[in-house]
Amino acid sequence: MHALEELFPASDFTLLAFIVLLPLIGAAVNGVFGKRLGRQAVTLMGLGAVFVSFVFAVVTFFVLKSHSGEGESPKLIWKGWEWMKLSLAQNGGSTSLWVSLSVDALSGTMALIVTGIGFLIHLYSSKYMEDDPGFYRFFTYLNLFIFSMLVLILGDSLPVLFVGWEGVGLCSYLLIGFWFGEEKNAAAGKKAFITNRIGDFGLLVAMGLILYYCGALDWAGMEAARGNLLSQVQIWPLGDHVPLANILGDSAGAWLNTPRTVSAATLVALFLFLGCAGKSAQLPLYVWLPDAMAGPTPVSALIHAATMVTAGVYLMCRTAAIFVLSPGAMFVVALIGGLTAVLAATIAFAQNDIKKVLAYSTVSQLGYMFLGAGVGAFTAGFFHVLTHAFFKACMFLGAGSVIHAMHARIHDTDASQDMRNMGGLRKYMPYTFWTFAISWAAIIGIPGTSGFFSKDEILLKAYSSYIATQSSVPDGFEWPKWGGTLLYALGFAGAIMTAFYMTRLFIGTFFGEFRGWTIVKNWKAPAHEHGHHHHHDPDELLDGPAPHESPWQMWVPLAVLAVGAAFGGFLNAGALELFHIELMPLDHFLEPVFEKAAANVRVIEGGEHLLGTFLGLALVAVALGAGGAYYVYVQMKGEPARAFTEKFPGLHRLVFDKWRVDELYEETVIGAVDSLAEFGAWADKWIVDGILAKLSSFLVRAAGSLLRQLQTGRIQAYAAVMVVGLGAVGWFLIAPHANAKVVSNHASGAYSVTATPGLGYSYRWDEDGDGKPDSETFGNKNSVELKLDVDKRRTVQLEVKNAFGQVATRSFELARPKPDKSGLSDRAPEQPQPARPGAPPPGNQLPPGHPAIPQGH
Amino acid sequence: MNILGNVVEHYVLLSALIFTIGSIGFLVRRNVLVQLMSIELMLNAVNLALVAFNRRHVGDMNGQVFSFFIIAVAAAEAAVGLAIVLSFYRLKQSVFSDDADQLRL
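Residues numbered from 1 in each chain as written. Chains lettered and ligands numbered in written order. Predicted model: local features only at pLDDT ≥ 70, side-chain atom pairs only at ≥ 80, totals over all residues.

A. The arrangement of unusual backbone geometry in detail. All names here are of chain A. The residue after Leu283, namely Pro284, is reached through a cis peptide bond having omega -5 degrees. With respect to the element layout, Pro284 can be found in the loop between α10 (264-279) and α11 (288-291). With a phi close to 55 degrees, Ala281 is a non-glycine residue in the positive phi region. Structurally, Ala281 can be placed in the loop between α10 and α11. Positive phi is not limited to glycine here, since Asp791 has a value of about 60 degrees. Within the secondary structure, Asp791 sits in the loop between β10 (783-787) and β11 (793-801). (Helix = DSSP H or I, 4+ residues; strand = E, 2+ residues; numbered from the N terminus.)

B. Local environment of the sheet that holds strand β7 (residues 740-745) of chain A. All names here are of chain A. Ordered by their spatial adjacency, three strands build an open sheet running β7-β8-β10, and the pairing between neighbours is antiparallel. Either end of the sheet is taken by a strand with one partner, and the two such strands are β7 and β10. On average, adjacent strands in this sheet sit at an angle of 10 degrees to one another, irrespective of strand direction. Pairing analysis gives five bridges linking strand β8 (residues 750-755) to β10, with the strands arranged antiparallel. (Pairing = 2+ DSSP bridges. Axes fitted to C-alpha atoms, helices over the stretch in contact; angles between N-to-C directions.)

C. Spotlight on the nonpolar core. Residues and elements named next belong to chain A. In terms of nonpolar packing, the biggest core is built from 228 residues, with Leu16, Leu150, Ile210, Val268, Ala393 and Cys394 touching the most fellow members. The dominant element in this core, judged by the number of residues it contributes, is helix α17 (residues 378-410), at 20 residues. Among the nonpolar cores identified, the runner-up in size contains 12 residues, and Val753, Val796, Phe812 and Leu814 belong to it. (Core = buried A, V, L, I, M, F, W, Y, C linked by C-beta atoms within 7 Å. Buried ≥ 20, exposed ≤ 12 C-beta atoms within 10 Å, placed from the backbone.)

D. Inspection of the confidence of the model for chain B at higher detail. With 91% of its residues at a pLDDT of at least 70, chain B reaches an overall mean of 88. The ipTM value of the predicted complex is 0.78, and its pTM value is 0.73. (pLDDT = per-residue confidence, 0-100.)

E. The sheet that holds β11(A), seen in detail. All names here are of chain A. Overall, antiparallel pairing links the three strands, which are arranged β9-β11-β12 in an open sheet. Among the strands making up the open sheet, the edge pair consists of β9 (762-766) and β12 (807-815). Neighbour to neighbour, the strand axes of the sheet diverge by 20 degrees on average, direction disregarded. With nine bridges connecting them, β11 and β12 associate as antiparallel partners. Of the residues in β12, the one forming a bridge with Glu799 is Thr809.

Here it is in structure tokens:
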């Protein structure tokens, strides 16, 4: 350990770079050479990279542990290189953004989850995806995902996190649409990607706001300058006033125009939460996650249950110090978490697809995490991330194992995921059954399991914990008195429902008789056939082997995860305080990270003594849910459920269709975007193409067809035009042109008139202005000079004769104006004013060099 | 001076006359051969004017040299022109310039 600390000092912890880089190398090698490497080499590369990364993460964790005794929150940093310089609006300074990685208790634990569970799922996938032609592609994406996730977790600033954030989004998209040959898989990938964009917008805005107010984007800088976020921001009206507000009458207009302000912290926290809600599938952006089950099952386990979807919770914990500045935003987070937990649970009741049920369960559990984080119980929320990663990954992999077995019989993706075709699998798949049973116990909260400790801590805190209103915050949001009760009620209802639908899933899959010998009647065949998937008639007996246990590569990860699901709770066993046992290592480990945030979190009066009561209530919830499901599906063989469905077919339909939220979005948001696109297409068709392109082309074409008449193609017509032109030039040469250039100098009174020269020209002048030529004959004198007194004018006449004896006449009027009495013209030579073009010179005088106005012939 | 005296005007007038005949012939006749001959007329009218004016400039032979060049170029032009007429006739079985409108759409 000592040697390690010497090799990797805390301020230059290079090991972080290796942790991040290894999966990237794996992805690069598999991506470029994977096709030629063969399955075994691809497996070795993919698994090896993540495993070594995991080992490094463990080493990092222990180094971190050994530093943690030193008071301040321990943190290991690897400073990479300067990424960019950002200029600051607030004080005109600038801040450097570094590509640097750091690890503290929070990210260290998260990195262990990602690399550890990541490795297990890699191992699982090496068997699950064995026969897939895209084997190497799958491992490339998985490794790339691990890389992105590690960047997200270990990034030392928001922009670095954002790179990872987008990276995992990309990998999620690629893996959801892994079997892109089927339309619905590609559509699901697209849906996930686009829904996440909305969240990313929020994250980007939050980043901009934080940079504006705090002047830093790295964690330490943000936390140090978070006090700046307490300033007021006017959010309404957007400009000086609301346009046209007074139409509604004076009082309404005044009401509309009243400025509304919030604190910058509230804005930042809400925008950050929008990002978290997108990534972690919270209301209203949760719709992508259930569809994401179109991807291979290991992907669902890794990305859409254990790691990526918890990134939102991680980000919220990471920026906890900012969130707690705004009790209002925190209440919104907690409320949305609670509502998501309940809503997703209701949908899970009616689903038959085993992965869909697990997906809605994931959304619901993520809701719990936000519920915990929202009331300030960051440790509890994050602890649920940890335990959920164990039991939900285990359930998904278990479901994958079941699907694997079913698929070997049924050869149809949809049918092999349908719970109505399963049942009684306990006999055939003992390992899968037992690991699934442990995860089931954990998720519904059987005492002693990991889910029991994490969920019940969240529920307790939801009731007892709240965020204090800071006197310096202008919002003035007070945590409502009924807040705790409401949040607890949501969480409690969610807990009952979780126990119910999970038990339904568990019973339906593993107990009773195996129903997969025939295809269930109600099961609908997929819309389109493909490949080796045959179409089967209902009630037809299927050939094929009985369901079988999966190979060791698949059940070993299950077993490891099940151990975590069973005993992970003792990392933070708050409930044991009831027996006066203090066993909360995770809490102590994370304490320094949430130290600043915890200062704003309060506990209601008497909240410390509620533990026993709430544990009792939690057991009631488990008993109600699980017992209810046992009664309905085992004792009554599902009769009450059928009766309920027959009694309320509309309601069942509605829940089965997921409350038709997708349809609602289809009608509103997507409809709006569609009509915008239609308008754009219309404008393109009629305005851009119609007016701009067609009209101008029509004009050119019309001019062309007019001018084309001149192009006869007959040489003689062209020659005739040439002759006419020659004639015109000849006429110009034959006629004389009496033009002259007049140079005037009003100050001295000297004027000159110079005739323009021409071939064979001779000139005759009338210089004295008496109207008669000065001489009888034409001569070579081509200019005259004369002097004029002030306020005198004279007309000079020029006659030009050319070689053919033709004569042209023109007269020029010269005038010398009076000097300006105001004295402006006296000063003019000292202060020459640049002549404005087009403006008449003062006093009607002509500027020097200006040709005199001709006065006819 | 010389026996021609101040009678350059006559030559210039004759030259103008021939040039006019040539240009009118070029414009009004449709037979390409006749048009070629009209062009020759115009060229020769120019030659005549050049030589006549050159008489006014004693010791300067530029005008006459120029007319030799024109004769040489005219000979080449006639050769090329006749070759074109021949090709054109092979193409269209015609020697009328109105039929030579292939450049038009």
